[in-house]
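# Chains, contacts and geometry: an overview
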Amino acid sequence: DHLEIDVSISANHHLVAGLLEKGFRAGVETYQLSEGRIMNYAFFNPHYPDAYLRWARRCLEHRSFVGIKIHPRRAECFAEDDRWEPVWQLASEFSVPILAHTWWVSDYNPGQRYATPDRFERFVKTYPDANLILGHAGWRDDGNRAAAELMQAYDNVYVDFAGDIYWFRVVEWFVSQVGHERILFGSDATLIDSRTALGRILDADISTEAKVAILGGNAADLFALTPR
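Residues numbered from 1 in each chain as written. Predicted model: local features only at pLDDT ≥ 70, side-chain atom pairs only at ≥ 80, totals over all residues. Heavy atoms only, no water.

By the secondary structure assignment, Glu172 is in helix H8 (residues 170–178). Setting aside anything within four residues of it in sequence, one finds Glu172 in contact with Ala204, Asp205 and Ile206. (Helix = DSSP H or I, 4+ residues; strand = E, 2+ residues; numbered from the N terminus. Contact = heavy atoms within 4.5 Å.)

Now the structure itself:
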């Protein structure tokens, strides 16, 4: 309320941790207590496809779940691996976006090799009716460039700026590369203070039209939400 955020979509950590029943109930309860203002992502783990497909389907059949989160880095399963295909099929069936953790490889974090933006091209190309959100926009530098290149090649690819995406004029650079229509506000709350993410957009040297779209209009269109 203080930041005038009308609706948020949360990646429920109970589901990410494999606590499926607890995660589903927590998501529904949060949605109800917030009077529909806090919505949820389902989650898919490629190592247990049958169990997670059942639970993801159950989640998506409830109005509070409007997308699917995947985390190739946590799963240690490359984003182009065959084991991810069922989640793309499910997203296509329910017409919901996939939010994927994306990052770039560094000498102190080599495990991010599972989730660099370029690795998603196989399924982005195969399922053009399934929209992909590159969470964290590929992180920084080469990851940002890889994310922009994928967006330039495919219309069903979006980015969000959740996390510590703080390099100078990153918002302006992305708008110059891909326009503003597929850029989403993201905060990584509660790990990171949402004020820093909000300031990154409000202080950017872009048009008011672009700020309005990034701060809500694009997400409202993508998730078929009605802005308050």
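Another aspect to go through is the sheet that holds strand E6 (residues 157–160). Reading across the sheet, the 7 strands line up as E1-E2-E3-E4-E5-E6-E7 and stay open at both edges, with parallel pairing between neighbours. Because the sheet does not close on itself, it has two edges, and the strands there are strand E1 (8–11) and strand E7 (183–184). Pairing of strand E2 (residues 38–43) with strand E3 (residues 65–70), which is carried by 4 bridges, proceeds in the parallel orientation. Within E3, the position partnered with Phe43 by the bridge is Lys69. (Pairing = 2+ DSSP bridges.)

Another point: the environment of Leu60. With respect to the helices and strands, the residue Leu60 is situated in helix H3 (residues 49–60). Assessed through its relative accessible area of 9%, Leu60 is described here as buried. The spatial distance from the C-alpha of Leu60 to the C-alpha of Val96 is 8.7 Å, given a sequence separation of 36 residues. Apart from the residues lying within four places of it in its own chain, the contact partners of Leu60 are Ala42, Phe65, Gly67, Ile68, Leu90, Phe94 and Val96. (Buried < 20%, exposed > 50% of the residue type's maximum accessible area, 1.4 Å probe, protein only.)

Core analysis: the biggest nonpolar cluster contains 57 residues, and Trp84, Trp88, Phe120 and Phe174 have the highest contact counts within it. Of the residues forming this core, the biggest block, 6 residues, is contributed by H8. Filtering out sequence-adjacent residues up to four positions away, Trp88 remains in contact with Ile98, Phe123, Val124, Tyr127, Ala130 and Leu132. Of all hydrophobic cores here, the second largest spans 10 residues; its members include Met39, Val66, Ile133 and Leu222. (Core = buried A, V, L, I, M, F, W, Y, C linked by side-chain atoms within 4.5 Å.)

Moving on, we come to the pattern of salt bridges. Side chains that differ in charge, positive against negative, can pair when their charged atoms come close. The final tally for this structure, using the stated rule, is 12 salt bridges. Between Asp164 and Arg140 there is a salt bridge, and its shortest N-O distance comes to 3.8 Å. Of this pair, Asp164 sits in the loop between E6 and H8 while Arg140 sits in the loop between strand E5 (132–135) and helix H7 (142–153), and the two are 24 residues apart along the sequence. Relative accessible area serves as the criterion here: at 27%, Asp164 is assigned to the partly exposed category. Its relative accessible area of 26% is what places Arg140 among the partly exposed residues. Connected through salt bridges with shared partners, the residues Glu21, Arg25 and Arg58 form a single ionic network. (Salt bridge = Lys/Arg side-chain N within 4 Å of Asp/Glu carboxyl O.)

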